[in-house]
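Residue strings, one per chain:
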Amino acid sequence: MNQTLLRGRTLTFLRWPDTTEDHAAYRYEEDGGLLLEGGRIAAAGAYAEVAAKAGDGAQRIDHRPHLLLPGFIDAHVHFPQMQVIASYGTELLDWLNKYTFPEETKFSNAQHGRRIARLFLDEMVRQGTTTVSAYCSVHKQSAEAFFAESHERNMLNIAGKVMMDRNAPEQLRDTPESSFDDSKALIEEWHGKGRQLYAVTPRFAITSSPEQLEMAGALMRAFPDLHMQTHLSENHAEIAFTGELYPWARDYTDVYEHYGLLGPRALFGHCIHLSDRETDALSQSGSVAVFCPTSNLFLGSGLFDYQRYRRRSKPLRIATATDVGGGTNYSMLRTMDEGYKVIALNGEKLNPFASFWQLTRGNAEALSIADRVGTLETGTDADIVVLNPSATPAMRLRMETAGTLAEELFLLQTLGDDRAVVETYVAGRPAKSALPAVAT
Ligand SMILES: [Zn+2]
């Protein structure tokens, strides 16, 4: 079997790092090696030991002095919004009506969907992101386009067709029955095919009727190993409108709770303005709150209280994400830089090791896929990002005074973007260097 032997400074996390001095939380090899075989990591550790296990025919790639980490994971992103990102002047509900909904109508055209899916996954690879949990549009063909493109690249991605049957233009509305049937057909075709995973995806309570949320619950009961993704408590006007649409609900979270949509594979985007009761309900069900800092700042939605959610007696499981096109950058480095600032505005700090834990193992654990991706453990999938902390003149200059690994990571997060990503391996295959020079 074909083997690839990578050499460089390897970094992988074992658990949440409490401080910059918490060296037991990670494994770092100054001269590290990774032996890739059949899309997986066959051996990892000190280079000399790993090299001894490689066959004579192994392809050897020397990435020194760069850092090798598990590929980044983006837990919430809308692939049809590549031409919505950077749209001026609105908060959530107006932003949806003015920019997002008109754009998403274009995805009734399968060719358009396939083109954007291709360019989207190109962009993920360029940014070092190897797994996303993606919203498609309401159209079944948009999810088909995404999965076909993802499968062809052998990427581990989670995605789902959006379910929405009200409070949206007619071309973007399905029905409770058609959303169930289309989702079911997509699940049967794509879930577990290669590395593809399906997420039941009601956009949010405002755009789904009670009958449709009932159908989403029925899908989760019929296919209990699926993810479920939706939005929750992003914006005050959204929360108030949800209260009008579901007058019997104790609060916003109760709407999803009522239809059986909470659980360990449920991903709730934003979760900014939760009450204690809602936070308890999410915690007790093992649900995941997805922190989308660039989006929350851009749309003026609010400040996600990361450290309070993490430290409370009933803590929340947390993932981080770009939320493009509400989010303003595809890079998970840029995302964590903005996340650091949101956390700072809440009077807290996020240490650089915790930040890189979150991007990799933390997000993998939140998505319940840490047995497959998010670490450099032997036997896991070989999704790897290669980072150069001296990628630009300004970074190189600042690196002259960075004395520790923690300082280097913080520099990467604060100043880095796609230029710091030297290579991205997807299932053991170099993918960034294989991208076309000019995308069309
Ligand atoms: Zn979103």
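See above for the structure.
Here's what I pulled together on the structure shown here. As the structure is a prediction and not an experimental result, all values here were calculated from the model. (Residues numbered from 1 in each chain as written. Predicted model: local features only at pLDDT ≥ 70, side-chain atom pairs only at ≥ 80, totals over all residues. Heavy atoms only, no water.)

1. Let's talk about the overall build of the chain
Here comes step 1: The secondary structure content of the chain amounts to 15 helices and 16 strands.
Here comes step 2: For the chain, whose C-alpha radius of gyration is 21 Å, the value lies close to the compact-globule estimate of 22 Å for 440 residues.
Here comes step 3: Principal axes of the C-alpha set define a box for the chain whose edges measure 65 × 45 × 40 Å.
Here comes step 4: Looking at the chain residue by residue over its 440 residues, the buried ones come to 62%.
Here comes step 5: The long-range share in the chain, meaning contacts at least 24 apart out of those at least 6 apart in sequence, stands at 75%.
Here comes step 6: Only carbon and sulfur atoms are counted for the fraction: they give 50% of the accessible area of the chain, which is about 15900 Å².
Here comes step 7: Both charge centroids of the chain, one from 43 positive and one from 56 negative side chains, sit 3 Å from each other. (Helix = DSSP H or I, 4+ residues; strand = E, 2+ residues; numbered from the N terminus. Rg over C-alpha atoms; globule rule 2.2 N^0.38 Å. Buried < 20%, exposed > 50% of the residue type's maximum accessible area, 1.4 Å probe, protein only. Contact = heavy atoms within 4.5 Å. Areas by Shrake-Rupley, 256 points an atom, 1.4 Å probe, with all protein chains shown as cover. Lys, Arg positive; Asp, Glu negative; His and termini not counted. Charge placed at Lys NZ, Arg CZ, Asp CG, Glu CD.)

2. Here we look at the coordination of the zinc ion
Here comes step 1: Looking at the zinc ion, one finds its protein donor set to be His76 (NE2), His78 (NE2), His231 (NE2) and Asp323 (OD), positioned 2.1 to 2.3 Å from the metal centre.
Here comes step 2: In this structure, the zinc ion is coordinated by 4 donor atoms arranged in irregular fashion, with angles at the metal of 88 to 167°.
Here comes step 3: For His76, a relative accessible area of 2% corresponds to the buried category.
Here comes step 4: The exposure class of His78 is buried, given its relative accessible area of 3%. (Donors = N, O, S within 2.8 Å, 3.2 Å for Na, K, Ca; no water. Tetrahedral: all angles 85-135°; square planar, octahedral: opposite > 155°, others 65-115°.)

3. Notes on the environment of Gly89
Here comes step 1: Mapping Gly89 onto the fold places it in the loop between strand 5 (72-78) and helix 2 (92-105).
Here comes step 2: What makes Gly89 exposed here is its relative accessible area of 55%.

4. A few points about empty space enclosed by the protein
Here comes step 1: Evaluated as defined, the whole model comprises 1 cavity of 30 Å³ or more.
Here comes step 2: Taken as a whole, the largest cavity encloses approximately 90 Å³ of empty space.
Here comes step 3: As for the largest cavity, its lining consists of His78, Gln81, Leu92, Trp95, Leu96, Arg203, Phe204, His231, Glu234, His270, Asp323 and Gly326.
Here comes step 4: Considering every element that reaches the lining of the largest cavity, the biggest residue donor is helix 2, with 3 residues.
Here comes step 5: Grouping the amino acids of the lining of the largest cavity by side-chain chemistry returns 4 nonpolar, 5 polar and 3 charged. (1 Å grid on protein atoms, 1.4 Å probe; cavity = no way out; pocket = protein on both sides within 12 Å on 5 of 7 lines; lining within 4 Å. Points joined across faces, edges and corners; volume = space filled by probe spheres on them. Nonpolar A, V, L, I, M, F, W, Y, C, P; charged D, E, K, R; others polar.)

5. Here we look at the environment of Glu234
Here comes step 1: Relative to the assigned elements, Glu234 resides in the loop between strand 10 (227-232) and helix 7 (236-245).
Here comes step 2: With relative accessibility at 2%, the residue Glu234 sits in the buried group.
Here comes step 3: Expressed as a C-alpha distance, the spacing of Glu234 and Leu303, which sit 69 residues apart in the sequence, is 9.7 Å.
Here comes step 4: In this structure Glu234 touches Leu92, His270, Ile272, His273, Ser295, Leu299 and Ser301, once residues within four positions along its chain are discounted.

6. Remarks on the nonpolar core
Here comes step 1: Ranked by internal contacts, the top residues of the largest apolar core, which has 107 residues, are Phe120, Phe146, Tyr256, Phe268, Tyr306, Phe356 and Leu387.
Here comes step 2: Ranked by residue count, the leading element in this core is helix 3 (residues 110-126), at 7 residues.
Here comes step 3: Filtering out sequence-adjacent residues up to four positions away, Phe146 remains in contact with Phe79, Ala117, Phe120, Leu121, Val132, Ala134, Cys136, Asn157 and Ala159.
Here comes step 4: Within the second largest apolar cluster, 17 residues are counted, among which are Ala199, Val288, Ala321 and Leu367. (Core = buried A, V, L, I, M, F, W, Y, C linked by side-chain atoms within 4.5 Å.)

7. A word on the sheet that holds strand 14 (residues 384-387)
Here comes step 1: Taken together, 7 strands build an open sheet; the order of strands is 3-2-1-4-14-15-16 and the sheet is mixed. The sheet terminates laterally at strand 3 (40-46) and strand 16 (429-430), the two strands that pair on one side only.
Here comes step 2: With 4 bridges joining them, strand 14 and strand 15 (residues 421-426) adopt antiparallel strand pairing. Residue Leu387 lies in a different strand from strand 15, and its bridge partner there is Val421.
Here comes step 3: Sitting on the sheet, helix 13 (residues 352-366) touches strand 1 (3-13), strand 2 (26-37), strand 4 (59-70) and strand 14, and the angle it makes with strand 1 is about 130°.
Here comes step 4: The sheet strands contacting helix 15 (residues 405-415) are strand 1, strand 2, strand 4 and strand 14, and the helix crosses strand 4 at an angle near 85°. (Pairing = 2+ DSSP bridges. Axes fitted to C-alpha atoms, helices over the stretch in contact; angles between N-to-C directions.)

8. Looking at the pattern of salt bridges
Here comes step 1: Applying the stated criterion to the full structure yields 32 salt bridges.
Here comes step 2: A salt bridge links Arg250 to Glu257; the shortest N-O distance between them is 3.9 Å.
Here comes step 3: The class for Arg250 is exposed, based on a relative accessible area of 57%.
Here comes step 4: Accessibility expressed as a relative area gives 28% for Glu257, which makes it partly exposed.
Here comes step 5: Glu257 is paired through a salt bridge with Arg277; the nearest N and O atoms lie 2.9 Å apart. In this pair, Glu257 is assigned in helix 8 (residues 252-258) and Arg277 in helix 9 (residues 276-285), connecting sequence segments 20 residues apart.
Here comes step 6: One continuous salt-bridge network, built from bridges that share partners, spans Arg114, Asp122, Glu149, Glu152 and Arg153. (Salt bridge = Lys/Arg side-chain N within 4 Å of Asp/Glu carboxyl O.)

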